[in-house]
Amino acid sequence: MNQLSLKVRVIILIAAAAGILATGMLLTVYQLMVSDYEALVSEREQAKIERLVAELGLTQQQRLLSLEALTARVTDESGALLNPTRLQDLLRQATVASDQFPDGLLVLDSSATAIAESVFVPNRLGTNYADRAHFKRAIESRQPVISEPILGRTTGLPLLSYLYPVLSSQNELTGLIAGTLDLSNTPLIPSSPDLDNDSSVTTMVIDPQNRLFVSVQERFTEPKKLPPQGTDALVDAATALMPSGSLIEYEQRQYIVTTQALPDLGWIVLRAIPYETAIAPAKATYRQFLYISLTALLSVALAASWAAGSLTRPLTRMTDRINNMANDARFDNDFDEQGGPEVEALSRAMNRLAKERNIADAVVRETEKFLNSVLESATELSIIATDTEGTITVFNKGAENLLGYLKTELVQQNTPALFHLESEIETRARELSDELGEPIQGFQVFVSKAERDGSENREWTYVHKSGRHITVSLTVTVIRDNEGSVKGYLGIGQDITARKRMDQMKSEFISTVSHELRTPLTSISGALGLIVGGGMGELPEKVKHLLNTAHRNSKRLGHLINDLLDIEKITSGKLHFDMQRQPLKPLILQAIESNQAYGTPRGITIDFPATDLDPHVQVDGQRLLQVLANLLSNAIKFSPDNSAVKITLESTVQNVVVSINDQGPGIPMHFRNRIFQRFAQADASDSRAKEGTGLGLAITRELIEHMGGHVGFESVEGQGATFFFELPRVDSLMLEGSETVHSDDYPASKGTILVVEDDPDVAHLLTIMLKEAGYDCDMAYCGYDAMRMLDEGHYDLVSLDLMLPDISGLEIITKLRRQTVTRDLPIVVVSAKVEQGKLALVGDVSHLDWLSKPIDQTHLIDVIQRQLDTTREHHARILHIEDNKDLHDVICAMAGEQFDIQLAQTLAEAYHRLQQDFFDVILLDLGLPDGSGWDLLPDIRTSQPEAKIVILSGDELSAQERENVEVVLLKSRLTPELLIEGISDRVQRFRS
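Under an unreviewed UniProt entry, the protein has the name histidine kinase and belongs to Saccharospirillum mangrovi. Recorded in UniProt under Catalytic activity (unreviewed entry), the annotation for the protein is "ATP + protein L-histidine = ADP + protein N-phospho-L-histidine."

Things to note about the overall build of the protein
Looking only at helices and strands, the protein features 26 helices and 35 strands. For the protein, the proportion of its 992 residues judged to be buried stands at 42%. Once local pairs closer than 6 in sequence are excluded, the contacts in the protein between residues at least 24 apart make up 59%. Looking at the protein as shown, the accessible area adds up to about 53200 Å², and 52% of this sits on carbon and sulfur atoms.

So, the sheet that holds strand E12 (residues 382-386)
Strand order in the open sheet formed by five strands is E13-E12-E16-E15-E14, and the pairing between neighbours is antiparallel. Looking at strand neighbours, the two that pair on one side only are strand E13 (392-395) and strand E14 (455-463), the edges of this open sheet. Strand-to-strand twist of the sheet, defined as the mean angle between neighbouring strand axes without regard to direction, takes the value 25°. Pairing between E14 and strand E15 (residues 469-480): nine bridges, direction antiparallel. Within E15, the position partnered with Glu456 by the bridge is Val476.

Looking at the pattern of salt bridges
What the rule picks out here adds up to 17 salt bridges. The partner of Glu431 in a salt bridge is Arg428, and the shortest N-O contact between them spans 3.2 Å. With a gap of three residues between them, Glu431 and Arg428 both fall in helix H10 (residues 422-436), about one helical turn apart. On the basis of relative accessibility, which here comes to 38%, the residue Glu431 falls in the partly exposed class. On the basis of relative accessible area, Arg428 is assigned to the buried category, the value being 8%. The residue Asp453 makes a salt bridge to Lys449 at a minimum N-O spacing of 3.5 Å. One end of the pair, Asp453, and the other, Lys449, are both in helix H11 (residues 444-453), four residues apart, so they sit about a helical turn from each other. Connected through shared salt-bridge partners, Arg44, Glu45 and Arg271 make up one network.

Structural notes on the confidence of the model for the protein
With 78% of its residues at a pLDDT of 70 or more, the protein has an overall mean of 79. Element-level mean pLDDT values for the protein span from 54 in helix H26 (residues 976-991) up to 93 in strand E21 (residues 655-662). Ignoring residues within four places in sequence, the model shows residues 684-689, a span with pLDDT below 50, making three contacts including any to other chains.

Things to note about the packing of helix H14 (residues 585-599) against helix H15 (residues 621-638)
The angle between the axes and the distance between the axes are what describe a pair of packed helices. For the pair H14 and H15, interaxial distance at closest approach is 9 Å and the crossing angle is 35°. Crossing hand, H14 versus H15: right-handed. Where H14 approaches H15, its residues Leu587, Ile588, Gln590, Ala591, Ile592, Asn595, Tyr598 and Gly599 are matched on the opposing element by Gly621, Leu624, Leu625, Leu628, Ala629, Leu632, Ser633, Ile636 and Lys637.

Here's the deal with the nonpolar core
Ranked by size, the top nonpolar core spans 40 residues in total, and within it Ile588, Leu624, Ile647 and Phe725 carry the most contacts. Listing elements by their share of this core, those giving two or more residues are H14, strand E19 (616-619), H15, strand E20 (644-651), E21, helix H16 (696-706) and strand E23 (721-730). Tallying contributions element by element places H15 first for this core, with eight residues. Of all hydrophobic cores here, the second largest spans 31 residues; its members include Leu64, Leu81, Val205 and Trp267.

What about the packing of H10 against H11?
Two elements in contact, H10 and H11, have axes whose closest approach is 9 Å; the angle formed by their N-to-C orientations is 35°. Between H10 and H11 lies a crossing whose hand is left-handed. When H10 is examined against H11, the residues Ile425, Arg428, Ala429, Leu432, Glu435 and Leu436 are found in contact with a partner set consisting of Val445, Phe446, Ser448, Lys449 and Arg452. Here the residues of the contact of H10 with H11 are counted per class, giving six nonpolar, one polar and four charged.

Some points on the environment of Tyr129
Counting through the fold element by element, Tyr129 comes out in the loop between strand E2 (114-117) and helix H4 (133-141). Note on Tyr129: relative accessible area 8%, which makes it buried.

Considerations on the side chain of Ser147
Inspection of the secondary structure assignment puts Ser147 in the loop between strand E3 (145-146) and strand E4 (150-151). What makes Ser147 buried here is its relative accessible area of 2%. With residues near it in sequence (within four places) discarded, Ser147 still touches His134, Arg137, Leu160, Ser161 and Trp267.

Quick word on unusual backbone geometry
Positive phi values are uncommon outside glycine, yet Glu251 reaches one of about 55°. Turning to its location among the elements, Glu251 is positioned in the loop between strand E9 (246-250) and strand E10 (253-262). Residue classification places Glu251 among the exposed residues on the basis of a relative accessible area of 59%. Of note, the phi angle at Gln252 is positive, near 60°, even though the residue is not glycine. Residue classification places Gln252 among the exposed residues on the basis of a relative accessible area of 78%.

Here we look at a nonpolar patch on the surface
Taken together, Leu4, Val8 and Ile12 make up a surface patch of nonpolar side chains, about 200 Å² in accessible area. Here Leu4 lies in the segment before helix H1 (6-71).

Considerations on the UniProt feature "transmembrane region" (unreviewed entry) in the protein
Look at the UniProt record and you will see "transmembrane region" (unreviewed entry) annotated at residues 6-30 and 289-308. A distance of 28 Å separates the end C-alpha atoms of residues 289-308, which is 100% helix and 0% strand.

Here's the deal with the pairing of E23
Of all ten residues making up E23, eight are buried, and the element is well covered by its neighbours. Where E21 lies against E23, eight bridges are found, and the strand directions are antiparallel. Paired with Asn661 across the bridge in E23 is Thr722. Looking at chain direction, strand E22 (residues 710-715) and E23 are connected through six bridges and run antiparallel. Across the sheet, Val711 pairs through a bridge with Phe725, a residue of E23. Where E22 folds back onto E23 in an antiparallel hairpin, the turn is made up of five residues, including Gly718, whose phi is positive at roughly 90°.

Comments concerning H14
For H14, with 15 residues, the first-to-last C-alpha span of 21 Å sits near the 21 Å given by 1.5 Å per residue. In H14, a bend of some 30° at Glu593 exceeds every other bend along the element. Every buried residue belonging to H14 is among Leu587, Ile588, Ala591, Ile592, Asn595 and Gly599, and all of these are buried. Lining the buried residues of H14 we find strand E17 (580-583), strand E18 (605-607), E19, H15, E20 and E21.

Here we look at helix H17 (residues 760-772)
Spanning 13 residues, H17 covers 18 Å between terminal C-alpha atoms, matching the ideal 18 Å at 1.5 Å per step. For H17, every residue scored as buried is listed here: Val762, Ala763, Leu765, Leu766, Thr767, Met769 and Leu770. For H17, the capping residue at the N-terminal end is Asp759, with a side-chain oxygen 2.9 Å from the backbone nitrogen of Asp761. Just downstream of H17 lies Gly774, where phi reads positive at about 100°.

Here's the deal with the side chain of Asp103
Mapped onto the elements, Asp103 comes out in the loop between helix H3 (96-100) and strand E1 (105-109). For the buried Asp103, no salt bridge exists, and the shortest N-O distance to an oppositely charged side chain is 7.7 Å, to Arg63. Not counting chain neighbours up to four residues away, the residues in contact with Asp103 comprise Val119, Thr180, Leu181, Asp182, Asn185 and Thr186.

Observations concerning the packing of aromatic side chains
As enumerated under the stated definition, the model contains nine aromatic pairs in all. Centroid distance Phe446 to Trp460: 5.2 Å. Interplanar angle 50°. Geometry classified as tilted. Remark: Trp460 occurs in strand E14 and Phe446 occurs in helix H11; sequence separation between them is 14 residues. When sorted by exposure, Phe446 lands in the same class as Trp460, which is buried. Site record: aromatic cluster; members linked through ring pairs are Phe443, Phe446, Trp460 and Tyr489. Seen from the ring of Trp460, Arg458 lies directly overhead, with NZ or CZ sitting 5.2 Å from the centre.

What to know about the environment of Glu424
Here Glu424 is to be found in helix H10. Among all residues touching Glu424, those that are not within four sequence positions of it are Trp460 and Thr461.

Digging into the pairing of E21
Counting buried residues along E21, six of its eight residues qualify, which places the element largely inside the surrounding structure. With antiparallel pairing between neighbouring strands as the criterion, E20 and E21 make up a hairpin whose turn holds three residues.

Conventions we followed
Residues numbered from 1 in each chain as written. Predicted model: local features only at pLDDT ≥ 70, side-chain atom pairs only at ≥ 80, totals over all residues. Heavy atoms only, no water. UniProt positions renumbered as here; feature names shortened; annotations may be inferred. Helix = DSSP H or I, 4+ residues; strand = E, 2+ residues; numbered from the N terminus. Buried < 20%, exposed > 50% of the residue type's maximum accessible area, 1.4 Å probe, protein only. Contact = heavy atoms within 4.5 Å. Areas by Shrake-Rupley, 256 points an atom, 1.4 Å probe, with all protein chains shown as cover. Pairing = 2+ DSSP bridges. Axes fitted to C-alpha atoms, helices over the stretch in contact; angles between N-to-C directions. Salt bridge = Lys/Arg side-chain N within 4 Å of Asp/Glu carboxyl O. pLDDT = per-residue confidence, 0-100. Left-handed = near helix turned anticlockwise from the far one by under 90°. Core = buried A, V, L, I, M, F, W, Y, C linked by side-chain atoms within 4.5 Å. Nonpolar A, V, L, I, M, F, W, Y, C, P; charged D, E, K, R; others polar. Patch = residues over 30% accessible without salt bridge, like charges linked within 9 Å, V, L, I, M, F, W, Y side chains within 5 Å. Expected span 1.5 Å × (residues − 1). Bend = angle between axes of the 7 residues up to and from the residue. Polar contact = N/O pair within 3.5 Å; in protein donor to acceptor, adjacent residues only side chain to side chain. Lys, Arg positive; Asp, Glu negative; His and termini not counted. Phe/Tyr/Trp six-rings, centres within 6.5 Å; stacked < 30°, edge-to-face > 60°. Lys NZ or Arg CZ within 6 Å of the ring centre and 35° of its normal.

See below:
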């Protein structure tokens, strides 16, 4: 190639470029033309099949309507069928039905016995057809029925039977009118322009339910069965309802198929046209385009030859001059060769070459070589640079490997938005706009934080060229010049898909193992607790000591399982927080009392200096006790024997700080940056001196942050450590007049409880606990036994496990709530899978409580007594008018069990309920399927003058609209507190 002259090379280059362009155009045009013709054929066939289906459906509807018209003439004034003679005369008269059913009409009595016919068939009168499937459906449903293709019982001919029930004024079945089509004589559709005679087009109608071919126009002598699945591609395509335009292989030919279902009959219509026939016009058109393209290519080649000669003549003269200069060992800088702009530019470049070009080229080559070497060596990292407008300027080998694009496809052509999810960009734009207080959109979504903070690291989802999603950790930094001006941006991404998958697998494994441990631990811990507590009589001191040790370690195992479950719930976002305003000091004292015994064997005490401070915080009390227990147990575990753990309480106007100090070895420097990570331990070896899972501090941080605070530590190695957490302080005046009363005395009222538990050990343990509290108990080890016992006897409460061998505990709850007798029966769910049960339960959750295994006896008795007491309380009635059932379930969950909430999903249903029942509160949605909620206001004021109207709307209301109701709540800002506050005023007046 190098030996060829420039003119020849230019000609070859132009010709090659033209050839490549023409080839690309030809290939592209061919694909486009074929695709267009495929789409055109698909649309045409779809239109034909839709017309055919519509015509077939209309024909069936006309036949059923003709039978419906005939039903009015076959009964007398009392609604009874006419006598057979009159019916015979009637059927032989010319009617619409006789036109629609030229092969015969039948009248049958209520037992499906033929009593009159329009066309005589030997032995048909008196024949009973009640055993036929379509007769059974018509008799049971009292609705018109069209049978599948069948053989006539007396005629032996292929038939299609149309049945229309004759009903009395009391909706009792008086008889049946049957219209018969003899498919060997009468087609389903007499004629159709869409059923053409083109032998290349295949049209079929099948009955997939009964595996039969159905004839539309062809006559046949018996129903033809469909071939087995997988033996006939056309039948398989029809039964699968393949989309219009699908390609299939049939008898060594490709077909374009179109399918359409007939919902009323359950049949499927298919049309198939050979692929070659469909695209034949496209090939003919393409051949014409090919001839034109070849002619144009030849013309371009000739023009290229002429252009190359014109272009290279000045260059040839310049080359000769340069050769002469080389021969004369001189270098001129006065090139003034005349020619086109390129020749003049080359002359100017030659004039500067001697002074600058050699040095500049050397510097550029070295710099580019170094940068390219660095970028191409980072094959595991995606390195992408852009200019200030977002156009990609650098796309390294690692980016090519990660995203599947070549740099030539993207550099100077696209922005990073090409391989980002649009939904993710929009979500991030809203977040940044809210955070920064200004609109953020487009490319600024990726770089605005980096411009303000210097860099930003966050997770994004890259979209591979193939469409595959890849989770990456992306760090974005700003590229600045020596003056500090922004010249572009650099993004370094790393694929973290495998790491996230491993985290998910670890979480799922922990959850599964933890749940499987809870059931046997319930039996162990509960039984040991009863024995140690003296429930089984006095024990020898040595035995008691061993049992105390076993009981303590069973509780420790329970805490371990709870830690594993808590960290799994935190990770998945399912951990519930019951935030309440309450004083902090009693919680600290309760934590000290609960954890003091942990340090007693080693002589470790917990000191909490007396203080007048008693700040209030808004927290989940049980979660805060869990935080204090984690920090105290850690401090005790690492403290030396006979030392003290000190708790300090400090408060400012806005915040409260609780510090826990120990005198242990302190925290090693190498471990401090990992101390709050899950499963992190300073000594992670198998022979470590201190027990633990490394979850306590990770859970502590998550709990405190969820409650609006933060946690930290201070430590000097060898001199102990101080862990502290800070929470926002809440004005104590907000708590005046409210207090919680705790009582350890349970009422002596008796009751009978049914214990439903598949594990005999757990069932026996629960029975012992309940009998000690004064209750009578029966046990059922499976769901069906429990339902039978509830039907046969009376129980005041059911203790129910969710995991039963025959039916689910959730199914039992649903059945009990549907029965009038057991609708309000209290149920206490005792299970190792409480959280899953709460999420899965849909419907009425009143008189229902939950206990997680292992079981605490005091808590169990407290919950049961509370449930029994609750059944005696009055529940205020609320009518919730809302078409969204899911939202209704959420409202019920928010309101809790203190209200009786009824649902009406339409205006009509609401009108009916307002006339039938009394309600204290009307919770009203304005957008209903059959009208506006505003239309109900006059009826509510008339029929329920004392009811309080609470509007639950998705949009803001005007001031005038708000004046018509008592309360307006927005769905987007709804919380349990707002909901209960919105309805509580009326409820309180009702109870007073």
